[in-house]
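In case you want the letters, here they are:
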Amino acid sequence: MENKVGIAENFLSKDLSKHLISNLKGLFKDNLMLSAGTGNDTLVVHDKMYRSDKIYWLDREHNNIHENSFFDLMDTFISHLNRSCYTGITGYEFHYTLYEKGAFYKKHVDQFRNNEVRQYSMIMYLNEDWIAEDGGELCIHHLDHLQNISPASGKSVFFKSSELEHEVLITNKPRMSITGWLKIN
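A.B. asks: Can you explain the nonpolar core? Please cite residues and give values.
C.D. replies: With 27 residues, the main nonpolar core has Phe70, Met74, Phe94, Met122, Met124, Ile178 and Leu182 as its most contacted residues. Sorting the residues of this core by element identifies helix 1 (14-29), helix 2 (65-85), strand 6 (91-99), strand 8 (118-125) and strand 13 (175-183) as the ones contributing at least two each. Per-element tally for this core: the top contributor is helix 2, with six residues. Once residues within four sequence positions are removed from consideration, isoleucine 178 is found in contact with Leu20, Leu58, Phe70, Phe94, His95, Tyr96, Met122, Ile123, Met124 and Leu126. One finds Val5, Leu138, Val157 and Leu164 within the second-largest nonpolar core, a separate group that totals nine residues.

This is the structure:
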């Protein structure tokens, strides 16, 4: 972790990434991805001027072999965090995320004001052959500077959900990821 942000290359294997990309594209093709909102169970707001991505929640109950492999990886990662860093993580939630050309997500913090269960944010990118002109960077707002992170395939970004404001800059081509939160209940 440098500047409160952890970045790992190849957190997801190339093989697992390939299968998750295929799943996400299939869900989009079948019109199963929904417009994302802001808020939590009590109040969800859909404002395309603030956030314009599409999502599909992952769940072991889907019984998808590749999503379950992803969950197995997350279980191992959380076990490591709890053993080595005493984080106390007891659960998680993840969704596929698709930003179509021109989509964005304005500056925000991931932890809800009225609910502190989200402790760590994670984004795992699924974008093959991404170049700077494609846009769609994750822009993290530090106190004294901005940090732009390219959404290149295999890269994973990790930070505390309550600490860092961030946004997704306008993308110039479809941008895919798995986004989620490590939680305490």
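Alright, that's what it looks like, and here's the rest.
A.B. asks: How would you sum up the pattern of salt bridges? Please name residues and give values.
C.D. replies: Counted under the stated rule, the structure contains nine salt bridges. Between aspartate 72 and arginine 60 there is a salt bridge, and its shortest N-O distance comes to 2.8 Å. Taken as a pair, aspartate 72 in helix 2 and arginine 60 in the loop between strand 5 (54-57) and helix 2 lie far apart in primary sequence, 12 residues in all. Note that lysine 107 is salt-bridged to glutamate 165, the shortest N-O span being 3.8 Å. Here lysine 107, found in strand 7 (residues 105-108), pairs with glutamate 165, found in strand 12 (residues 165-168); they are 58 residues apart in sequence, far enough to count as distant. Of the residues examined, lysine 107 reaches a relative accessible area of 39% and is grouped as partly exposed. Using a relative accessible area of 35% as the deciding quantity, one classes glutamate 165 as partly exposed.

So, how was this worked out
- Residues numbered from 1 in each chain as written.
- Predicted model: local features only at pLDDT ≥ 70, side-chain atom pairs only at ≥ 80, totals over all residues.
- Heavy atoms only, no water.
- Core = buried A, V, L, I, M, F, W, Y, C linked by side-chain atoms within 4.5 Å.
- Buried < 20%, exposed > 50% of the residue type's maximum accessible area, 1.4 Å probe, protein only.
- Helix = DSSP H or I, 4+ residues; strand = E, 2+ residues; numbered from the N terminus.
- Contact = heavy atoms within 4.5 Å.
- Salt bridge = Lys/Arg side-chain N within 4 Å of Asp/Glu carboxyl O.

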